[in-house]
Amino acid sequence: MRVNTILKFVTLSVFFTLLLSITAYSQTTGSIGGTVVDETNQPVLGAIVKVVDKPGLGAETDASGEFLILNVDVGTYVIEVSYAAYTTTRIGGVKVSVDQRTKLGVIKMQNITTEVVEVTAERKGIDVEQSGRQINQEQIENTGIRGINNLVSKTAGVVQDERGGQINIRGGRTSENLIIVDGVSTSNPLDGTSTASVPNSLLQEISVLTGGFGAEYGNALSGVINVTTKGGSDIYTGSLEGITDAFAGDWIKTTSQQYNLYNVSIGGPLIPTKDLSRIINFYGSVERQYLGVRSSSWIADQVFPNGIIPNYHLSTWSYSGRLSFNLTDLKKPFPINLKFGALITNQEGTRWRNPSTGATPLAYWKTNSFRAPADEINDRQLYGRIIHNVSSKFFYELQVNYYQTKNLLSDAFFKDQWFRYGDTSSVPGLSVPGQNVQGNTLGPDATYQGLFITPNQVYNLYQQTDVSYIGGKIDATWANTSNKYGDHELKFGGEFRKHTLRKMEFNPARLANNPLDSTGALLYDPNEIWYGTNVLLNAYGYDNIKDQYGNQILSASEILPKEPIVAAAYLRDKVDFGDFTMNLGL
């Protein structure tokens, strides 16, 4: 078999890029810290600080009156501070964000009374040593904006493209961003992009970091988007949502864009008993979205009736869920929690552009929209995590996860029937009396002086990828709040991933023109066609690439998928001196 040297060099480059890259880590919890003093502003030693409704989470103040509670899930809590001979103090509205410390400042105890003193925590922002934005659940629910990219685009330093698609952070490319969902990286190792899709009903918080992020985010060049989804509790909660513009029309002077979204979410105790309702709980969501117009365009008003781009749709099904075993909430707390999660997204629609002809998008859509290129994306994300609270100042997480994304881009009618793309008997209008046009495609429409595409022109590109990895990682956090050289929060960890990469990409039309001659032999060498300038096959990992006579095109080594291995580690120390903070990492 013929070997394309350039393509093999590119493949080898991809392999070593993956091998040498520093991957990303992220714990999925935050921490709470502060200082407890008496009425004379002297530090209180031995005060008990705990998270209400979380029996296993708490700390005791040291000689400096300081405390730190690690491994707190993202959310809003009530903190209770108690000490003999002093009134119990409760602080409500304490917001915890992923990978950040919520500072309660100085908490002053009062002489004992018969009432509990209740105060409200100050509104929490992003750490001063970082730049970006925290988007909490309340903001997500009240903005009316849907989708991770759309929510993130309202952050300073973030720009979204004109069709509401990809985002750019600090002027960097989309592939330079890192999107993490519940501690799992969703970036495609081939091109750095992410197709992560999480329903709004499942979003707990989005942390957008545009600068100053720590060493654990080693593979992020422009920005980090850290998404935390909701978990269950000891009470049942849920929502039912339906949105449609089907009722739009002339009576309200609007035009329906065929926007439809339906979602159902439910969470609560898996076993609703007094002893187990807090221990085992779940949260799940199913969402169906159908867009008759994938994204709007101002120029469409000048070309199409009612400004509606025909056959430009997007259909999405999302299934997601979390299951938690909170053993720290047992009557006799056990210092381990277990979490499991899954996120499945199936998406199919049509693409906006037509790269096979070099024509502008509208030139293609005006006369050939019914043949719009088909686009399919299927994502799978599964994880299991063990969190061990060794002490109030040290804990670690062990995680195993699996991620897969499968993508297909092709002609809407022919899909994987490659030998029909350029077949005169399959493409209406391609046959020309007295001419051999087998293996060609239709050109511009002469009716419009070549301005628009001829109807039935095939989308002459077939692109299929299957990228997955199975990995494991460990993250650990240790805090020292009694050091005269600053308060230290030391984090360290490592990760191992084994990827499986499959890809095929080529222009199929030319493949239709390879008949048998009078002796029964092929007119052209299959390799000359498949690797020629008209087809440009770039493939590995698939064993079904054969010509119309059953001849295998790829060599034995090319049929095997690429399996790069990524291994990395990090070390970070955040040192707080009160007046300023240092973030050191490797």
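Worth saying up front: this structure is predicted, and the values here are computed from it rather than measured.

Observations concerning the overall build of the protein chain
Item 1. If you tally the helices and strands in the protein chain, you get 7 helices and 27 strands.
Item 2. By residue count, 49% of the 586 residues in the protein chain fall in the buried class.
Item 3. At a minimum sequence separation of 6, the contacts of the protein chain that also span at least 24 residues come to 67%.

Things to note about the pattern of salt bridges
A side chain with one charge can pair with a side chain of the opposite charge if their charged atoms come near.
Item 1. Taken as a whole and judged by the stated rule, the model has 16 salt bridges.
Item 2. Glu141 is the partner of Lys230 in a salt bridge, and the nearest nitrogen-oxygen pair spans 4.0 Å. Of this pair, Lys230 sits in the loop between strand E15 (223–229) and strand E16 (237–244) while Glu141 is found in helix H2 (residues 137–143), placing the two residues 89 residues apart along the sequence.
Item 3. Among the residues examined, Glu141 registers a relative accessible area of 52% and is labelled exposed.
Item 4. In this structure, the salt-bridge partner of Arg146 is Glu287, at a minimum N-O distance of 3.7 Å. Linking Arg146 in the loop between H2 and helix H3 (148–152) with Glu287 in strand E18 (residues 280–291), this pair joins segments that are 141 residues apart in sequence.

Concerning a nonpolar patch on the surface
Item 1. There is a patch of nonpolar side chains on the surface, built from Leu240, Val264, Val286, Trp317 and Tyr319 and spanning about 470 Å² of accessible area.
Item 2. Its location among the elements puts Leu240 in strand E16.

Section: the sheet that holds strand E1 (residues 29–37)
Item 1. The strand order E4-E1-E7 describes an open sheet built from 3 strands, whose pairing is mixed. Pairing within the sheet leaves two strands with one partner each, and these edge strands are strand E4 (66–73) and strand E7 (101–108). Between one strand axis and the next, the sheet turns by 20° as a mean value, whatever way the strands run.
Item 2. Taken together, the 6 bridges between E1 and E7 define a ladder with parallel strand orientation. Paired with Ile32 across the bridge in E7 is Thr102.

As for the nonpolar core
Item 1. With 24 residues, the main nonpolar core has Trp418, Met504, Phe506, Trp530, Leu537 and Ile545 as its most contacted residues.
Item 2. At the level of elements, strand E24 (487–506) and helix H6 (526–530) are the ones that each hand at least two residues to this core.
Item 3. For Met504, the contacting residues outside a window of four places in its chain are Trp418, Tyr462, Gln463, Gln464, Asn538, Ala539, Tyr542, Asn544 and Ile545.
Item 4. The next biggest cluster of nonpolar side chains, apart from the first, holds 21 residues, and it includes Val44, Leu57, Ile69 and Ile79.

Considering the environment of Ile243
Item 1. One can find Ile243 in strand E16.
Item 2. Look at Ile243 and you get partly exposed, because its relative accessible area is 29%.
Item 3. When near neighbours in sequence (up to four residues on either side) are disregarded, Ile243 contacts Arg146, Tyr259, Asn260 and Leu261.

Some points on the pairing of strand E14 (residues 203–211)
Item 1. With 9 of 9 residues buried, E14 lies mostly within the body of the structure.
Item 2. As defined by bridge partners, strand E9 (residues 131–136) adjoins E14 across 6 bridges and the pair is classed as antiparallel. When the bridges of E14 are listed, Ile135 appears paired with Ile206.
Item 3. As defined by bridge partners, E14 adjoins E15 across 6 bridges and the pair is classed as antiparallel. Of the residues in E15, the one forming a bridge with Ser207 is Asn226.

Section: the packing of aromatic side chains
Item 1. Tallied over the entire structure, the rule returns 12 aromatic pairs.
Item 2. Judged by centre distance (5.9 Å) and plane angle (35°), the ring pair of Tyr83 and Tyr86 falls under tilted.
Item 3. Relative accessible area serves as the criterion here: at 34%, Tyr83 is assigned to the partly exposed category.
Item 4. Considering the side-chain rings of Phe419 and Trp530, the 6.4 Å spacing of their centres and the 80° angle between planes classify their relative orientation as edge-to-face. Residue Phe419 is located in the loop between strand E22 (394–410) and strand E23 (462–480), and its partner Trp530 is located in helix H6; the two are separated by 111 residues in the primary sequence.
Item 5. Here Phe419 falls in the partly exposed class, since its relative accessible area comes to 23%.
Item 6. Aromatic ring contacts, followed pair by pair, group Trp418, Phe419, Tyr462, Phe506 and Trp530 into a single cluster.
Item 7. Over the ring of Tyr469 we find Arg497, and its NZ or CZ is 4.4 Å from the ring centre.

Description of the side chain of Ser320
Item 1. Secondary-structure assignment places Ser320 in strand E19 (residues 314–326).
Item 2. A residue is classified by how much of its surface remains accessible, and Ser320, at 11% relative accessible area, is buried.
Item 3. In this view, Ser320 contacts Pro199, Leu202, Tyr283, Gly284, Ser285, Ala342 and Leu343; residues no more than four positions away in its chain are not counted.

With respect to the sheet that holds strand E12 (residues 177–181)
Item 1. Spatially, 5 strands are ordered E9-E14-E15-E12-E13 in an open sheet, and the strand pairing comes out mixed. Looking at which strands have only one partner, the edges of the open sheet turn out to be E9 and strand E13 (184–185).

Some thoughts on the pairing of strand E2 (residues 48–51)
Here is the key point about a regular strand: its side chains alternate between the two faces of the sheet.
Item 1. Only one face of E2 is covered, namely the one carrying Val49 and Val51; the face carrying Ile48 and Lys50 has none of its residues buried.
Item 2. As paired strands, E2 and strand E3 (residues 58–60) are joined by 3 bridges and run antiparallel to one another. By the bridge assignment, Ile48 is partnered in E3 with Glu60.
Item 3. The sheet contact formed by E2 and strand E5 (residues 75–82) spans 4 bridges and is antiparallel. When the bridges of E5 are listed, Ile48 appears paired with Ser82.

Some thoughts on the confidence of the model for the protein chain
Item 1. Here the protein chain averages 82 in pLDDT, while 87% of its residues score no lower than 70.
Item 2. The spread of mean pLDDT over the elements of the protein chain runs between helix H1 (residues 5–20), the lowest at 38, and strand E25 (residues 538–540), the highest at 95.
Item 3. pLDDT under 50 marks residues 354–359. Its contacts with residues more than four places away, or in other chains, come to 11 contacts.

Thoughts on unusual backbone geometry
Item 1. Phi at Asn311 is positive, roughly 55°, even though this residue is not glycine.
Item 2. One can find Asn311 in the loop between helix H4 (300–303) and E19.
Item 3. In this structure, Leu536 is a non-glycine residue whose phi angle is positive, near 55°.
Item 4. Structurally, Leu536 is set in the loop between H6 and E25.

Criteria and thresholds
Residues numbered from 1 in each chain as written. Predicted model: local features only at pLDDT ≥ 70, side-chain atom pairs only at ≥ 80, totals over all residues. Heavy atoms only, no water. Helix = DSSP H or I, 4+ residues; strand = E, 2+ residues; numbered from the N terminus. Buried < 20%, exposed > 50% of the residue type's maximum accessible area, 1.4 Å probe, protein only. Contact = heavy atoms within 4.5 Å. Salt bridge = Lys/Arg side-chain N within 4 Å of Asp/Glu carboxyl O. Patch = residues over 30% accessible without salt bridge, like charges linked within 9 Å, V, L, I, M, F, W, Y side chains within 5 Å. Areas by Shrake-Rupley, 256 points an atom, 1.4 Å probe, with all protein chains shown as cover. Pairing = 2+ DSSP bridges. Axes fitted to C-alpha atoms, helices over the stretch in contact; angles between N-to-C directions. Core = buried A, V, L, I, M, F, W, Y, C linked by side-chain atoms within 4.5 Å. Phe/Tyr/Trp six-rings, centres within 6.5 Å; stacked < 30°, edge-to-face > 60°. Lys NZ or Arg CZ within 6 Å of the ring centre and 35° of its normal. pLDDT = per-residue confidence, 0-100.

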